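# Summary of structural features
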Amino acid sequence: MIELSDVVYCRVGTQDLESAEAFATTILGLEVAERTKGAIHFKSDNRDHTLCYFEGNPEDHVTAFELKTSAELQAAAATLDALGHNVQYGSPAECEIRHVREFIRFNDPTGNVIEFIVRPSMSAVEYHGARDAGITGFSHVGFYSTDVERDEKFWTTVCNARVSDRIGDAPLMRIGAIHHTIALFPGNKSGIQHINHQVESTHDIQRSSNLLRDKQVPITFGPGRHPTSSAQFLYFRGPDGMTYEYSTGVCEIHDEPLWRDRQFAFEPKGFCLWGASPKIAAFSEGDD
Ligand SMILES: O=C(O)c1cccc(O)c1O
Ligand SMILES: [Fe+2]
């Protein structure tokens, strides 16, 4: 069993690094951590970085999860290899760019590009967002999945993810106490479906909702409240149609052996307790 301890960063391609930077800082509220040739790294908490925009294909998305030791990374590589995944070790130069000690790269069964990393750098400097969005940190990622049952099995049997709840067949899976770190949504492609940052409070959700509206950023869902994690949320559209989510108040599951995953309906009320309707294709099979 591959033990993931946390999600660490996403890397997203863009044809327009300047606009992506403007979005990540002035809209989303992240802080530039580092600029390298053709890439910008952004901080959202006390980690070195949790998001990277790089010059490249906007459909190229990478998500990294932390493993505790080099021995576990090697065992994971062997496990994935035996299952037929093409596993590559990151080069020293790639490790340096990512500020990690070592990593492997492979595709999940849908084709999502995943990195398992060891010893990601922390930042010695506090995070100060470019705007006060109230961000407390990068928290979870939603992936497209061409077969959610197959992919749920991958994340829960090859790796240590546990299903907290399902909306329709879409599983919300935890790897620690936080209600979910990985979510899968049915789609006919691979890639990141949404990137979540936690914010401090309801006030941040409401303030951002007004700010984004004034700045004409498309708000695609919310403000609302998830019946699943009980988090209050706001979804909006970033560069190349990427969905970003702020949420606050996500529940934690500590009674691990007693928890039973719950079933919610794949319809607006399964996504929102307050009656908001998603304008997000993966949540509604409607507009995106
Ligand atoms: O927080 C949740 O429960 C949740 C539910 C549906 C979709 C999401 O993105 C979520 O974060
Ligand atoms: Fe989410």
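The name an unreviewed UniProt entry assigns to the chain is 2,3-dihydroxy-p-cumate/2,3-dihydroxybenzoate 3,4-dioxygenase, from the organism Paenochrobactrum gallinarii.

## A closer look at the domain arrangement of the chain
Assigned domains of the chain: these are domain 1 (6-118) and domain 2 (135-283). Once you take the C-alpha centre of each, domain 1 and domain 2 turn out to be 20 Å apart. Contacts between the two partners involve 38 residues from domain 1, matched on the other side by 37 residues from domain 2. Counting the surface lost from both domain 1 and domain 2, the interface buries some 2,600 Å², and carbon and sulfur atoms represent 71% of this. In terms of surface lost to domain 2, no three residues of domain 1 exceed I27, L28 and T110, which account for 21% of the buried area on that side. Scanning the region where domain 1 abuts domain 2 turns up zero salt bridges. Joining domain 1 to domain 2, the criterion identifies twelve residue pairs in polar contact (both at pLDDT 80 or more). Going through the elements one at a time, β1 (6-14), α1 (17-28), β4 (51-55), β5 (61-67), α2 (70-82) and β8 (113-118) are the ones with two or more residues in the side of domain 1 that touches domain 2. For the side of domain 1 that touches domain 2, the element with the most residues is β1, which contributes eight residues.

## Concerning α1
Considered for burial, the residues of α1 that qualify are L17, A20, E21, F23, A24, T25, I27 and L28. Just downstream of α1 lies G29, where phi reads positive at about 100 degrees.

## Structural notes on the site of ligand 1
If you check the shell around ligand 1, you find 13 residues, and the closest are H180, H194, T228, S229 and Y235. The separation between an oxygen atom of ligand 1 and a polar side-chain atom of S229 is 2.7 Å. Here ligand 1, which alone exposes 290 Å², has 100% of that area covered by the protein. Of the residues that constitute the shell around ligand 1, the class distribution is six nonpolar, six polar and one charged.

## Description of the coordination of the iron ion (ligand 2)
Looking at the iron ion (ligand 2), the protein donor atoms are H140 (NE2), H194 (NE2) and E245 (OE), and they sit 2.0 to 2.2 Å from it. On the basis of relative accessibility, which here comes to 3%, the residue H140 falls in the buried class. For H194, a relative accessible area of 2% translates into the label buried.

## Structural notes on the packing of aromatic side chains
Inspection of every chain in the model, using the stated rule, returns 18 aromatic pairs. A ring pair is formed by F65 and W155, whose centres lie 5.5 Å apart and whose planes are at 55 degrees; its orientation type is tilted. With a gap of 90 residues between them, F65 in strand β5 and W155 in helix α4 (residues 148-158) connect regions that are remote in the sequence. Side by side, F65 and W155 carry an identical accessibility label, which is buried. These aromatic residues form a ring-pair network of at least three members: F185, F221, F233, Y235, F266, F271 and F283.

## Observations regarding helix α5 (residues 202-214)
Over its 13 residues, α5 runs 19 Å from end to end, which matches the ideal 18 Å to within 8%, given 1.5 Å per residue. Within the span of α5, buried status applies to D204, I205, S208, S209 and L212. Summarising the axial view, the buried residues of α5 lie within an arc of 135 degrees, below the 170-degree limit, and thus occupy one face. Turned more than 90 degrees away from the buried face of α5, the exposed residues are H203, R213 and D214. Those residues of α5 that are buried lie in contact with α1, β13 (192-199), β14 (219-225), β15 (232-237) and β16 (243-248). Between the side-chain oxygen at the start of α5 and the backbone nitrogen of H203 there is a gap of 3.1 Å, and the oxygen is on S201.

Rules and cut-offs
- Residues numbered from 1 in each chain as written.
- Chains lettered and ligands numbered in written order.
- Predicted model: local features only at pLDDT ≥ 70, side-chain atom pairs only at ≥ 80, totals over all residues.
- Heavy atoms only, no water.
- Domains from an automatic or database assignment.
- Contact = heavy atoms within 4.5 Å.
- Buried area = accessible area lost by both parts, 1.4 Å probe.
- Salt bridge = Lys/Arg side-chain N within 4 Å of Asp/Glu carboxyl O.
- Polar contact = N/O pair within 3.5 Å; in protein donor to acceptor, adjacent residues only side chain to side chain.
- Helix = DSSP H or I, 4+ residues; strand = E, 2+ residues; numbered from the N terminus.
- Buried < 20%, exposed > 50% of the residue type's maximum accessible area, 1.4 Å probe, protein only.
- Near = heavy atom within 4 Å.
- Areas by Shrake-Rupley, 256 points an atom, 1.4 Å probe, with all protein chains shown as cover.
- Nonpolar A, V, L, I, M, F, W, Y, C, P; charged D, E, K, R; others polar.
- Donors = N, O, S within 2.8 Å, 3.2 Å for Na, K, Ca; no water.
- Phe/Tyr/Trp six-rings, centres within 6.5 Å; stacked < 30°, edge-to-face > 60°.
- Expected span 1.5 Å × (residues − 1).
- Arc of directions from axis to C-beta.

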